[in-house]
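Structural overview for review
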Amino acid sequence: MVVSSSNTVTSSSRPDSSLSRCACLASTSLLSCYFRLLNLPMVAINVCELDVGEDESVLIHIRLNFAGTPVAPFLTDAAKLIDSAKTFIFDCDGVIWKGDKLINGVPETLDMLRSMGKKLVFVTNNSTKSRKEYGKKFESLGLDVTEEEIFASSFAAAAYLKSINFPSNKKVYVVGEAGIQLELKQAGISYIGGPEDGDKKIDLAPGRFMEHDQDVGAVVVGFDRNINYYKLQYATLCVRENPGCLFIATNCDAVTHLTDAQEWAGGGAMVGAIKGSTKKEPLVVGKPSTFMMDYLASEFKISKSEICMVGDRLDTDILFGQNGGCKTLLVLSGVTTLETLQSPDNSIQPDAYTNQISDLLSAKKVASA
Ligand SMILES: [Mg+2]
């Protein structure tokens, strides 16, 4: 038996299935004793593969996780997962589409789930578009998704303000793009800032003093490609000087995928700038905060334990599902690689992982077999 420096252990035996099973048991027992002796926190032993070597020996690969969290298994029984959930919440980028390209098998998978009576919801941390605009994107990709099934973090910001009865004599200062403004407008909430302040510059002449609106009762910060010093100063003044002014972040994503060539600074960069100048923590309404999950559960009257969250990011999608007490499925069609998932440094493990959502179609094949 060889314990390698990675998280894989290899053992060998004769190529007989019963012997292989014995070898597996022997290997896992030996490992348990070994780790117990060394007082190491080994929590997961997962027999993952058998390889027949050239000399007819069998290599038994046992996957361990030293970070303290069992490594997620590959999804082998899609029908069982589908049976266990009444609602599926899908992240969009990396799950439904990549940039402007639909991921293979998505329409058939969504059709199958709908035909099984499942409720489908689409959640995204991207705040640059409103629900209506997302609806158009789904339509342009040939997907039949209604506006009511789409929850973007721009909508979450407006929904949160509505949920706390944001005073009608107050307004919101927006650091972000048009999606936030459209949702605030839809919710009947007054706002200033946003793209209109995108070209503003500050002339720092001696004695320069910036006025700000005393009626701003909340600053909403989202991804903003035209962030500038004017917006930062205005938002800072509102949060620091207007009594009770809220600081709301649509999301704190470190990076976003503006192009498929590299990762770009995400909404977390804009939020971080205002955190830095106000020394205040924002109230986050997007993933992984549970606000949207709680909102969905209450709006649609669904039980969170009967929701399966499907996403491509561990620190937003999977954590969002776990924070909400839902089942979680990671797909490898987006930003997370198998290597990242199985890295000893990763402590966020979904209930299962698969390559892409069309793998759920295997449930249909099982049903019709
Ligand atoms: Mg994604």
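My aim in this report is to walk through the structure given alongside it, one point at a time. Computed from a predicted model, the values in this text were never measured in an experiment. (Residues numbered from 1 in each chain as written. Predicted model: local features only at pLDDT ≥ 70, side-chain atom pairs only at ≥ 80, totals over all residues.)

1. Some points on the overall build of the protein chain
Filter applied, for reference: Secondary structure follows DSSP: runs of H or I at least 4 residues long count as helices, runs of E at least 2 residues long count as strands, and numbering of each begins at the N terminus. Put simply, a residue is buried when 20 or more other C-beta atoms lie within 10 Å of its own C-beta and exposed when 12 or fewer do; between those, it is partly exposed, and each C-beta is set from the backbone. Residues are scored as being in contact if the C-beta atoms we place from backbone atoms lie within 7 Å.
When its secondary structure is counted, the protein chain shows 12 helices and 19 strands. Split into buried and exposed, the 369 residues of the protein chain put 40% on the buried side. Relative to all contacts within the protein chain whose residues are 6 or more apart in sequence, the contacts with residues 24 or more apart total 69%.

2. Observations concerning the nonpolar core
To keep it simple, the criterion reads: The nonpolar core is taken to be a set of buried Ala, Val, Leu, Ile, Met, Phe, Trp, Tyr and Cys residues joined by way of C-beta atoms within 7 Å.
The biggest cluster of nonpolar side chains holds 85 residues, and the ones touching the most others in it are F151, V219, I248 and V310. Setting aside residues no more than four positions away along its own chain, V310 makes contact with F88, I89, F90, D91, V95, L329, V331 and I357.

3. Let's talk about the sheet that holds strand β17 (residues 307–311)
Backbone hydrogen bonds are what pair the strands of a sheet, in a parallel or an antiparallel way. The test is simple: Two strands make a pair as long as DSSP finds a minimum of two bridges between them. Axis angles are defined between N-to-C directions and span 0 to 180 degrees, where every axis is a line fitted to C-alpha atoms and, for a helix, only to the segment in contact.
If you trace the six strands from one edge of the open sheet to the other, you get β9-β8-β5-β17-β18-β19, paired in parallel fashion. Of all strands in the sheet, those with a lone pairing partner are β9 (150–152) and β19 (352–354), marking the two edges. Here the strands of the sheet are splayed against their neighbours by 25° on average, with no regard to which way each runs. When strand β8 (residues 119–124) meets β9, the two strands line up parallel, connected through three bridges. Residue pairing for β9: V123 is matched across the bridge by F151.

4. Considering the sheet that holds strand β12 (residues 216–221)
Sheet architecture is open: five strands sit in the order β11-β10-β12-β13-β16, paired in parallel fashion. Here the strands that pair on one side only, and so sit at the sheet edges, are β11 (190–193) and β16 (283–284). The pairing of strand β10 (residues 171–175) with β11 spans four bridges and is classified as parallel. Its bridge partner being in β11, V172 is matched across the sheet by Y191.

5. A word on helix α9 (residues 291–300)
All of the buried residues along α9 are F291, M292, M293, L296 and A297. Residues of α9 that are buried make contact with β8, β9, α5 (153–163) and α10 (314–323).

6. Describing the packing of α5 against helix α6 (residues 178–186)
The test is simple: Two helices that cross are described as forming a left-handed crossing if the nearer one is turned anticlockwise from the farther one by less than a right angle, and a right-handed crossing if clockwise. For this classification, the nonpolar set comprises Ala, Val, Leu, Ile, Met, Phe, Trp, Tyr, Cys and Pro, the charged set comprises Asp, Glu, Lys and Arg, and every other residue, Gly included, is treated as polar.
As a packed pair, α5 and α6 sit with axes 8 Å apart at the nearest point and diverge in direction by 35°. Taken as a pair, α5 and α6 cross one another with a handedness that is right-handed. Across the interface between the two elements, S154, F155, A157 and A158 of α5 pack against G179, I180, E183, L184 and Q186 of α6. Partitioning the contact of α5 with α6 into residue classes produces five nonpolar, three polar and one charged.

7. Focus on the pairing of strand β5 (residues 87–91)
The element β5 is largely enclosed, with a buried count of five among its five residues. Going residue by residue along β5, you find T87, I89 and D91 tucked away on one face and F88 and F90 tucked away on the opposite face as well. Where β5 and β8 come together, five bridges link them in parallel fashion. In the strand pairing of β8, T87 is matched with K119. Taken together, the four bridges between β5 and β17 define a ladder with parallel strand orientation.

8. Describing the pairing of strand β18 (residues 327–331)
Among the five residues that make up β18, five are buried, leaving the element largely enclosed by the rest of the structure. Across the two faces of β18 the burial is the same, with K327, L329 and V331 and T328 and L330 all buried. Examined bridge by bridge, β18 and β19 share three bridges and lie parallel to one another. Looking across to β19, one finds that L330 is bridged to Y353.

9. Some words on the packing of helix α7 (residues 229–241) against helix α8 (residues 267–278)
To keep things clear, this is the line we draw: Comment on the angle field: the value is read as roughly parallel under 35 degrees, roughly antiparallel over 145, roughly perpendicular from 65 to 115, and oblique elsewhere.
Between α7 and α8, whose axes approach to 10 Å, the crossing angle comes to 50°. When the interaxial angle is binned, α7 and α8 end up oblique. With respect to the hand of their crossing, α7 and α8 are arranged in right-handed fashion. Seen from α7, the contacting residues are L232, A235, T236, V239 and R240; seen from α8, they are A273, I274, S277 and T278. Taken together, the residues of the contact of α7 with α8 sort by class into five nonpolar, three polar and one charged.

10. Section: helix α4 (residues 131–140)
Test applied: For this quantity, the arc is that covered by the directions from the helix axis to the C-beta atoms.
Buried residues of α4: R131, Y134 and F138, and no others. Axial view of α4: buried residues confined to an arc of 60°, hence all on one face. Away from the buried face of α4 by more than 90 degrees, exposed residues K136, E139 and S140 are located. Looking at the buried residues of α4, the elements they touch are β9 and α5. Just downstream of α4 lies G142, where phi reads positive at about 80°.

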